[in-house]
Amino acid sequence: MDRYGYPHELEYRREAGDRRVHEYTELVDDMGFVLEHRSERYQGWTVRYGTACAHDYLSRKRAKPGTFVVSVYRLFPGRRDHVVTIRVSWPPKKGQVHPSEKSRAGRL
């Protein structure tokens, strides 16, 4: 990845009883996780944005239904910083989908 970009790694683990089974790892160059600069809103933003990214990725992978624990890491040369870990139900129930994730009429 470009050293001047915003490389992130997202790890997807499916909950199976009392275990978490690693299913996917996604590498992205995505500045979305660093957009919110106000510290009092940063955690809420990373949860919301991480959930949207997880929904997008799981739909593209046609993942089996279940609960996933998704951990996001920001990648730097020689280190990996934890950003957020969230629990995502897949597929999401209609009430769990944030309005910003819903497609509008006429949008592809």
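Above this note sits the structure.
Residues numbered from 1 in each chain as written. Predicted model: local features only at pLDDT ≥ 70, side-chain atom pairs only at ≥ 80, totals over all residues. Heavy atoms only, no water.

A. Examining the overall build of the protein more closely. Counting its regular elements, the protein contains one helix and four strands. The helix and strand sequence of the protein, counted from the amino end, reads β-β-α-β-β. When contacts within the protein are restricted to residue pairs at least 6 apart in sequence, those whose partners lie at least 24 apart make up 54%. (Helix = DSSP H or I, 4+ residues; strand = E, 2+ residues; numbered from the N terminus. Contact = heavy atoms within 4.5 Å.)

B. Broad picture of the pairing of strand E1 (residues 7-16). The buried count for E1 comes to seven of ten residues, which makes it a mostly enclosed element. As paired strands, E1 and strand E2 (residues 19-29) are joined by ten bridges and run antiparallel to one another. Along E2, the bridge assignment pairs Glu9 with Leu27. Once E1 ends, the chain turns through two residues before running back antiparallel as E2, passing Gly17 with a positive phi of about 65°. As paired strands, E1 and strand E3 (residues 66-76) are joined by seven bridges and run antiparallel to one another. Opposite Arg14, over in E3, you have Phe68 as the bridge partner. (Buried < 20%, exposed > 50% of the residue type's maximum accessible area, 1.4 Å probe, protein only. Pairing = 2+ DSSP bridges.)

C. View of the side chain of Arg74. Locating Arg74 in the fold gives a position in strand E3. Once residues within four sequence positions are removed from consideration, Arg74 is found in contact with Gly5, Tyr6, Pro7, His8, Val34, Arg79, Arg80, Asp81 and Val83.

D. A look at helix H1 (residues 39-61). Compared with an ideal rise of 1.5 Å per residue, which puts 23 residues at 33 Å, H1 spans 33 Å between its outermost C-alpha atoms and is within 8% of the ideal. Every buried residue of H1 is listed here: Trp45, Thr46, Gly50, Thr51, Cys53, Ala54, His55, Tyr57 and Leu58. Where the residues of H1 are buried, they touch E1, E2, E3 and strand E4 (79-90). Downstream of H1 by a residue or two, Arg62 has a phi angle that is positive, lying close to 50°. (Expected span 1.5 Å × (residues − 1).)

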